[in-house]
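Survey of secondary and tertiary structure
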Number of protein chains: 2
Amino acid sequence: MSAYWRIVLASRPAGAPTLDNFRVETGRMPVPTSGQLLVRTLYLSIDPYMRGRMSAAPSYAQPVAVGQTMEGEAIAEVVQSRDPDFHEGDLVRSKVGWCTHAIVDTRHVSRIQPDAIPITAYLSVLGMPGFTAYVGLKVIGQPKPGETLVVSAAAGPVGSLVGQLARLAGARAVGIAGGAMKCRYLMTTLGFDSAVDRHAEDFARVLQELCPDGIDIYFENAGGATWPAVLPLLNRYARVPVCGLIALYNGVSQAGRDWLPDTMLTVLRRSLLIRGFINTEFVSEHYSEFLREIEPMVATGRIRYREHMVDGLDAAPSAFIGMLEGRNFGKVIVKLVQ
Amino acid sequence: MSAYWRIVLASRPAGAPTLDNFRVETGRMPVPTSGQLLVRTLYLSIDPYMRGRMSAAPSYAQPVAVGQTMEGEAIAEVVQSRDPDFHEGDLVRSKVGWCTHAIVDTRHVSRIQPDAIPITAYLSVLGMPGFTAYVGLKVIGQPKPGETLVVSAAAGPVGSLVGQLARLAGARAVGIAGGAMKCRYLMTTLGFDSAVDRHAEDFARVLQELCPDGIDIYFENAGGATWPAVLPLLNRYARVPVCGLIALYNGVSQAGRDWLPDTMLTVLRRSLLIRGFINTEFVSEHYSEFLREIEPMVATGRIRYREHMVDGLDAAPSAFIGMLEGRNFGKVIVKLVQ
């Protein structure tokens, strides 16, 4: 066990990433110094935000440099500890990156206590995606009984929880997802009130039928072609948390009609709130309350979630590319253990 | 004095309103019943929102019907009272419409006490435009010391107060206005830190130079071509109160590139807040505090304002059309007294 593997950014993508943008490298196993841990990755989280890190364009976080290990959060096991509070075999969650092993600073890890809940849940419904759904809905969306919520990418890890939490708050939940299978899952497994396939030819008409009282919260979790159908349905004082725009991450078409003037006029006439957010803004104020509220409901099965597990670090690039294309069904996680 | 005059909506405009869309009518002087007043209009307020009332399209308020008197707020004098609390000669502010006389219900009037402040101020800096500026900035914009505010239509009645209040809150105020004269007025009379002519060929470059630390609040008070210059300058957590879009009221061009994707990506990456509002949302909570704060500063001249006065009810349509074209310089008020 003297070598480890990692996946680095080989080149920046122009448009949609391809396998050529990634490269597997190996190196000598690193050694922790005081306050550090050597950890072995068990489960690596694959998330849409990683597309942003592959570009040099300025965003809310620094890009990954070409040749650098791809960023990513994982559940990992302590192999060697230089911190008296951590011991071999401890489970932690940390930003280890796309690699089999890593050195992490103990200030930047959180402990995972294995109990009734599978540890991978701490990458999905109880991890960053779940917390994103929770604060976006609670702080910005603010659902009220009887209101109508629409969420895009509804079968993904964020959208799934958004819809379930909206229903727990007494609102109607309408999901937008890619394909009949995901739509069926939303209604039968997650308890959404309705669902509509974003590929449907008569998408705008169906969405309108599913929202007879308009839309009070549009949780924007995908971007792209849904907006023209959503905009005319937004009610006065509707809230639009902008959480993810996966449809735009590979590049933006500026062709076609300009939707901005209609958008701004609707913002004004209906007193809309549009608010972009990154979950980190709310961690200090809301993270412990999130765990306190959601963990028990996950443990009892009252809140459901779904994982899309792939095997082996080598599979990470294709799983990532597939996720950007909507080919996953649930939270994408790379399993590095047998 | 047995006849009165009014201006009615003769037809709905297609695009920019013309004089043909208005018609002067006369009628027999109306008679108040119990709880009503007959009032004589002294000063009629002309405002951009009236363009919306001329269209049949749904908005936050009902359109004016064809043949109906144009809506508008005025300072008026009581001619005949059927309410024991009001007497001939009392001054009130009320939605009398574009007319020389009107019947108003005393539940829908507010008294104006003539004192050190000219009564027309209650249509501008101490009226609806001033209150709009106050709540949009205070509730949504939330300026902090050292921040940079940019406001469009800055020489108008809303923008003028927005900039002055931002400076009182310790922020830098940069105004966008049409023409060198208005820009000079912003800096020399109102104390804005900088101003830029929206017609300037190198508008985007100048705006960037005037905002070396980016923009923390963009008070959207005009709409149209400024957005592409503003968008890249918006800082993380910037706030965009959307108050008016006069550039779009006569119709929306959907040609050219689609600015929505770039806008949404920036909303997400910089955690922006965009919030449309109509001042009425905040009246019950903030109106008395507004008067308490702003009235003394207007009385002492610490807050400045400017009026664009035109003579006679007949002049209302052309004054309104001129305002939509930006040809006014200050709050447009029609004077109906000699």
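Residues numbered from 1 in each chain as written. Chains lettered and ligands numbered in written order. Predicted model: local features only at pLDDT ≥ 70, side-chain atom pairs only at ≥ 80, totals over all residues.

As for the overall build of chain A
The helix and strand tally for chain A stands at nine helices and 15 strands. A compact globule built from 338 residues should have a C-alpha radius of gyration of about 20 Å, and chain A, at 20 Å, falls within 12% of that. Expressed as lengths along the three principal axes of its C-alpha atoms, the size of chain A is roughly 60 × 45 × 35 Å. Counting across all 338 residues of chain A, residues that qualify as buried make up 49%. Of all intrachain contacts in chain A linking residues separated by at least 6 positions in sequence, the fraction that spans at least 24 positions is 65%. (Helix = DSSP H or I, 4+ residues; strand = E, 2+ residues; numbered from the N terminus. Rg over C-alpha atoms; globule rule 2.2 N^0.38 Å. Buried ≥ 20, exposed ≤ 12 C-beta atoms within 10 Å, placed from the backbone. Contact = placed C-beta atoms within 7 Å.)

With respect to the domain arrangement of chain A
All names here are of chain A. Domain annotation for chain A reports domain 1 (3-124 + 306-335) and domain 2 (128-279). One C-alpha centre belongs to domain 1, the other to domain 2; they are set 29 Å apart. Contact with domain 1, which involves 13 residues of that partner, is made by 14 residues of domain 2. Its residues assigned to classes, the side of domain 1 that touches domain 2 comprises five nonpolar, four polar and four charged. (Domains from an automatic or database assignment. Nonpolar A, V, L, I, M, F, W, Y, C, P; charged D, E, K, R; others polar.)

Comments concerning the interface of chain A and chain B
In many analyses, interface size is given as the accessible surface area lost on bringing the parts together. Taken together, the contacts link 34 residues of chain A with 34 residues of chain B. For the side of chain A that touches chain B, the elements supplying multiple residues, two or more each, are strand E12 (234-242), helix H7 (260-269) and strand E13 (273-276) of chain A. The dominant element in the side of chain A that touches chain B, judged by the number of residues it contributes, is H7(A), at nine residues. Its residues placed into classes, the side of chain A that touches chain B shows 19 nonpolar, seven polar and eight charged. The sheet contact formed by E13(A) and strand E13 (residues 273-276) of chain B spans three bridges and is antiparallel. Bridging from a neighbouring strand, A:Ile274 pairs with B:Ile274 of E13(B). (Pairing = 2+ DSSP bridges.)

Structural notes on the relation of the copies chain A and chain B
Placing chain A over chain B gives an RMSD of 0.0 Å and needs a rotation angle of 180 degrees, together with 0.0 Å of translation along the axis. The transformation relating the two chain copies, once decomposed into turn and shift, fits a two-fold axis. No C-alpha of chain A lies nearer the rotation axis than that of A:Asp258, which sits 1.9 Å from it. A shared interface surface links the copies, since 100% of the contact residues of chain A are contact residues in chain B too. (Least-squares fit on C-alpha atoms with pLDDT ≥ 70 in both.)

Let's talk about the pairing of strand E4 (residues 74-81) of chain B
Successive side chains on a regular strand alternate, one facing one side of the sheet and the next facing the other. Two strands pair when backbone bridges link them, and strand E3 (residues 36-45) of chain B and E4(B) are joined in this way by seven bridges, in the antiparallel orientation. For B:Arg40, the partnering residue across the bridge sits in E4(B) and is B:Glu77.

Some details on the pairing of strand E10 (residues 194-197) of chain B
All names here are of chain B. Alignment of strand E9 (residues 172-177) against E10, held across four bridges, turns out to be parallel. What sits directly across from Ala 177, in E10, is Asp 197. Taken together, E9, helix H4 (residues 180-188) and E10 form a β-α-β motif whose crossover is right-handed. (Right-handed = clockwise from strand over helix to strand, strands pointing away.)

Looking at the environment of B:Val158
Residue and element names in this part refer to chain B. On the secondary structure map, Val 158 appears in helix H3 (residues 157-168). Taking C-alpha positions, Val 158 is 5.8 Å from Gly 130, a pair spaced 28 residues apart along the chain. With residues up to four places along the chain from it excluded, the contact list for Val 158 reads Pro 129, Thr 132, Ala 133, Ala 153, Asn 221, Cys 243 and Gly 244.

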